[in-house]
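# Working through the structure, step by step
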Amino acid sequence: MNVKHRAVKLSVHPSRGLVDEKFVIVVQSVPPGVQLTVHAFHRCEGGHGWEAFAHYVSDAHGSVNVSQHASMGGTYSGVEQMGLLWSLRPVPGTKPGLRLRKMNVQTPMEFTISVHLGYRTEGFMDQAALASQVVERWYMAPGVRRIPVTKDGLSATLFLPSGPGPFPAILDLWGDASQLVEYRAALLASHGFASLPLDYLTPKMSQDTSKMVDNSYFEKAFRFLQHHPQVLADRIAMLAISYGSSFMLKMLAYSDVVKPTCAVCINGTHMQPIIAKQEDLFAFYNHYSDKIQVNEKKQKIMKMMWLPITSDPTLKVDVGRVQCPLLLVVGEDDQSWPSSESAVDMKEMMKRAGNSHLLTILSYPNAGHLIEPPYSPHSKASSFRSISIQQKTLWGGQCVAHAYAQEDCWKKMLAFLHHHLYAAHYGPPASRLTAKF
Amino acid sequence: MAFNVKMMVMKRWLCTYVQVSMDVKHCAVKLSVHPCRGLVDEKFVVVVQNVPPGIQLTVHAFHRCEDGHGWEAFAHYVSDASGSVNVSRDASLGGTYSGVEQMGLLWSLRPVPGSKPGLRMRKMNVQTPMEFTISVHQGFRSEGFLDQVPLASQVVERWYMAPGVRRIPITQDDLSATLFLPSGPGPFPAILDLWGGSGQLVEYRAALLASHGFASLALDYLTPKITQETGKMVDDSYFEKAFGFLQQYPQVLTGRIAMLGLSFGCSVTLRIAAYSLVVKPTCAVCISGSHVQPIGAKQEDIFAFYDQYSDKIQVNEKNQAVMKMMLLPITSDPTLKVDVGRVQCPLLLVVGEDDQNWPVLESAQDMKEMMERAGNSHLLTILSYPDAGHLIEPPYAPHTQVSSFRSIGTRHKVTALWGGRSVAHAYAQEDSWKKMLAFFRHNLYAAP
């Protein structure tokens, strides 16, 4: 059918949003019963193209609504409102091992959603679409302020929410990323939390002195937040993923200075030599590197290094000493860290210690290691440049389940943080009743 | 009075009149406006959380417009049992609006005290968003908002241009216009967009229409470059050129071009739709206009025609000009009104029944009768809004009841009474915009 002479209408609503908001894609004004492909394209900061696509048949009204109709195939199938984002993958011909991450959070990510005639799987850039729409997705809400922090030798960025404050705050620790990753903190600030992503592996002072930071660095960061005029000193949480969790759990259990109101740990482990400098920590992990398995795609399965979970108490954080609410997020198919096994072990330790009422575990079957904010493309394996090694690492996870995990745990994390940092502290105010007669 | 009734009365009275002085500041008050970025015709939800229950709060909106003036709106709320206020659900107890009004903080905006009179809020640079600061204050306040730190605030962006919309200045063939193309390869149906008697090239409505999938050409026909250079007003060939430009434009669907006029722009639209041999719009929308004009006259003569009735303008006790009287009663002389019986395309008239500037209600009535007699009234739809005024703008724009107006034709500067009551006018803007878009979609997209 010659659809071209018709004015095909594509709308994506909203066309501007935060990265964790949903949109509705609707195609209209096509003949009924026509095969169409809806396509998404994004060129990331590294210059690589990413795409996703899905096949639909227009209904009796001549329209397709991605949030209601089932995709018949493509990079996702079934009814998936946000599938065009989380199923994005590098375009054919791209070098392998890529991961989609926005480093400059002050500009939006731009996606082009388009609709094509017929069921297509390739060559989208070579032909004109029937219609297309540019969509902006932002990490920073209007009014959020980004403030680089370098005092006291810290390498960090403070994101303040819109408004005068003061605000509850979150100290945000990534994993072994080799640089300061800001996007999650920017998004948390867009939700009302002052957020400090902290570079603790490659901060300027380590680059200058070649020495890794020790616990006092984290304590300085925590105190920086406590003393900041726009932060509520008694409402500071910690959030960590992967390697950052190791530090966070250690501080929760042992630090006299770092006393967060609550903590969130994503795919981390409590296993580590307790009294050790950071350099020794790496040596400890490398000690077990011969246990790493390599699969048929030459991807390293790193979690084997730590399994089985040790029973030696000097080699794991005593989480029985944790005194604040703790949320563990676990991707059960995590292939790089023993998150599932560690969570089970931590739960048992806390039960024995009598503080398990503080613990909540969100466990997601078939989700992998890199649990990111919602709708980020699932990265099952990528080239991982640790500060000590470079390798192709299997993170794990099945796409659909991983996307669900990202969406669900983000919602629950925000609720957890909101509950402990905003709602919980409303106590009986000093009040004076003045009746007007 | 029975005891339980007395208790109810007491409780209600306490909620309304008891002033609870609480140190709310130690609670982290949470204000969210969702979405924080949107197009100007989209709604948002303003929610305040984490305050004590039953306390008085003021929600405030502030905007500094392009020419530097401050605009504000505010409303008084009492937090509910869960310690929150939801503006789309809870009733405002007073302020610049009352009752449940989800978007009241925008459409009830007014210049801050001390501003010069007669202002109108219009965004001229459509490539940047309008920024509003929504904030929440303790207690029922009605002034001094900028002098104190609010409990919380949130910046909100409102855009006329969706991502991917392109803005293209047009100067060929002596046209003074701006073309807005929707996101995508096209081709698109198009709209020729004509504003009213104060002239200038006003782009925001066309930008918004492009954000909804219509290539839109905002056309300056009263103060175009050619008029400024020659001193002569354009004639109908100018509109034919503009229409022809759209027809030839590669990203426009030739057979799907509509006309949209407001106020004096309706005079042009109706005349062209009825008489032009060249311009055949697919459909037409006329907002706040009239068909009364001398047929076959040049633009300058049309203004002179109106001017001859200027002694019929009434000036009220506030020195505001009620200009609709000039053209009332609607003439029965066929040479002085467009023969809308000749119109051959669907026509939508938008009427504010309290319009004090043009006799739109009476004109719409007369046009209906003419079309009924001619047998083409099946093409006509009238949207008529009680208590709406003349300046029916895209939704949530503040209602301008009065402003300074310098007509291009007469060159007099007056304080024009546009009319309308705020709430009803805001409703008319929201409802008519929705219906206009549906009318355009139906006639320009869906119809084969």
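Here the structure is a predicted model, which is why all the values come from computation and not from measurement. (Residues numbered from 1 in each chain as written. Chains lettered and ligands numbered in written order. Predicted model: local features only at pLDDT ≥ 70, side-chain atom pairs only at ≥ 80, totals over all residues. Heavy atoms only, no water.)

### Overview of the overall build of chain A
Put simply, the rule reads: Segments assigned H or I by DSSP are reported as helices when at least four residues long, segments assigned E as strands when at least two residues long, and all are numbered from the N terminus. Atoms considered for the radius of gyration are the C-alpha atoms alone. The globule rule reads 2.2 Å times the number of residues to the power 0.38. Burial classes follow relative accessibility: with a 1.4 Å probe on protein chains only, a residue under 20% of its type's maximum area counts as buried, one over 50% as exposed, and anything between as partly exposed. By the convention used here, residues are in contact when the closest approach between their heavy atoms is within 4.5 Å. In short, Shrake-Rupley with a 1.4 Å probe defines the accessible areas, and a residue's cover is counted only from the protein chains shown. His is not counted here, nor are the chain ends, while Lys and Arg score as positive and Asp and Glu score as negative. All charge positions are set by atom: Lys at NZ, Arg at CZ, Asp at CG, Glu at CD.
Broken down by element type, chain A carries eight helices and 22 strands. Here the C-alpha radius of gyration of chain A, 24 Å, is about what a compact globule of 437 residues would show, namely 22 Å. The principal-axis extent of the C-alpha atoms belonging to chain A is close to 80 × 70 × 45 Å. Here chain A holds 437 residues, and 60% of them are scored as buried. Across chain A, contacts joining residues at least 24 apart in sequence account for 71% of those joining residues at least 6 apart. Only carbon and sulfur atoms are counted for the fraction: they give 52% of the accessible area of chain A, which is about 17,400 Å². For chain A, the separation between the mean place of its 42 positive charges and that of its 35 negative charges on side chains is 3 Å.

### Some remarks on the overall build of chain B
Scanning chain B from N- to C-terminus turns up nine helices and 22 strands. Its C-alpha atoms give chain B a radius of gyration of 24 Å, within 12% of the compact-globule value 22 Å for 448 residues. Counting only C-alpha atoms and orienting by the principal axes, one finds that chain B spans roughly 75 × 50 × 40 Å. The buried share of chain B, taken over its 448 residues, is 59%. The long-range share in chain B, meaning contacts at least 24 apart out of those at least 6 apart in sequence, stands at 70%. Counting every atom, chain B has about 17,800 Å² of accessible surface; 52% of that belongs to carbon and sulfur.

### A few points about a nonpolar patch on the surface
Quick reminder of the rule: A patch is a set of surface residues, each over 30% in relative accessible area and not in a salt bridge, joined within 9 Å for like charges and within 5 Å for the nonpolar side chains Val, Leu, Ile, Met, Phe, Trp and Tyr. A side-chain nitrogen of Lys or Arg and a carboxyl oxygen of Asp or Glu constitute a salt bridge if their distance falls within 4 Å.
On the surface, a nonpolar cluster with roughly 280 Å² of combined accessible area is contributed by Val57, Met72 and Tyr119 of chain A. We classify Met72 of chain A as exposed; its relative accessible area is 57%.

### Focus: the pattern of salt bridges
Residue and element names in this part refer to chain A. What the rule picks out here adds up to 23 salt bridges over all chains. Between Glu407 and Lys22 there is a salt bridge, and its shortest N-O distance comes to 3.0 Å. Within this pair, whereas Glu407 is found in helix α8 (residues 399-423), its partner Lys22 is found in the loop between β2 (16-18) and β3 (24-28), the two being separated by 385 residues in sequence. A residue is classified by how much of its surface remains accessible, and Glu407, at 21% relative accessible area, is partly exposed. Owing to a relative accessible area of 39%, Lys22 belongs among the partly exposed residues under this scheme.

### Structural notes on the packing of aromatic side chains
We count it as follows: Two aromatic rings, drawn from Phe, Tyr or Trp (for Trp, its six-membered ring), form a pair once their centres lie within 6.5 Å of each other, and the interplanar angle then sorts them: stacked below 30 degrees, edge-to-face above 60, tilted otherwise. Only when the NZ of Lys or the CZ of Arg is both within 6 Å of the ring centre and within 35 degrees of the ring normal is a charge said to sit over the ring.
All chains considered together, the criterion is met by 33 aromatic pairs over all chains. Between the aromatic rings of Tyr238 of chain B and Phe239 of chain B, the centroid separation amounts to 6.0 Å while the plane-to-plane angle is 90°, which identifies the pairing as edge-to-face. A residue is classified by how much of its surface remains accessible, and Tyr238 of chain B, at 3% relative accessible area, is buried. We classify Phe239 of chain B as buried; its relative accessible area is 1%. Through a chain of ring-to-ring contacts, three or more aromatic side chains come together here, namely Tyr221, Tyr238, Phe239, Phe264, Phe303, Phe305, Tyr306, Tyr309 and Trp358 of chain B. Residue placement shows Lys9 of chain A over the ring face of Tyr445 of chain B; its charged tip is 5.6 Å from the ring centre.

### Description of helix α6 (residues 264-275) of chain B
The criterion, for reference: In this analysis, the expected span of each helix is defined as 1.5 Å times one less than the number of residues it contains.
Between the first and last C-alpha of α6 of chain B there are 17 Å, a value that for twelve residues agrees with the 16 Å anticipated at 1.5 Å per step. Among all positions in α6 of chain B, only Phe264, Gly265, Cys266, Ser267, Val268, Thr269, Leu270, Arg271, Ile272, Ala273 and Ala274 of chain B are buried.

### Considerations on the pairing of strand β20 (residues 380-385) of chain B
Residue and element names in this part refer to chain B. As a reminder of what qualifies: Two strands qualify as a pair provided DSSP detects at least 2 bridges between them. Whether a crossover is right-handed comes down to one check: with the strands pointing away from the viewer, does the path from the first strand over the helix to the second run clockwise; if it does, it is right-handed.
Pairing of strand β19 (residues 347-352) with β20 involves six bridges; the strand directions are parallel. Paired with Val350 across the bridge in β20 is Leu383. On the question of chirality, the crossover connecting β19 to the parallel β20 by way of helix α8 (residues 360-374) is right-handed.

### Brief notes about the confidence of the model for chain B
Residue and element names in this part refer to chain B. Note the threshold: Scored from 0 to 100, pLDDT records how confident the predictor is in each individual residue.
Put simply, chain B has an average pLDDT of 92, and 93% of its residues get 70 or more. Ignoring residues within four places in sequence, the model shows residues 11-22, a span with pLDDT below 50, making 26 contacts including any to other chains. Our summary of model confidence lists the complex with pTM equal to 0.91 and ipTM equal to 0.89.

### Regarding helix α7 (residues 339-353) of chain A
All names here are of chain A. Short version of the rule: Taken from the helix axis, the directions to the C-beta atoms give the arc we talk about.
Counted at 1.5 Å a residue, the expected span for α7 with its 15 residues is 21 Å, and the 21 Å between its end C-alpha atoms agrees. All buried positions along α7 are accounted for by Ser339, Ser342, Ala343, Asp345, Met346, Met349 and Met350. Buried residues of α7, viewed axially, fall in a sector of 165°; they line one side. Away from its buried face by more than 90 degrees, α7 exposes Lys351 and Arg352.

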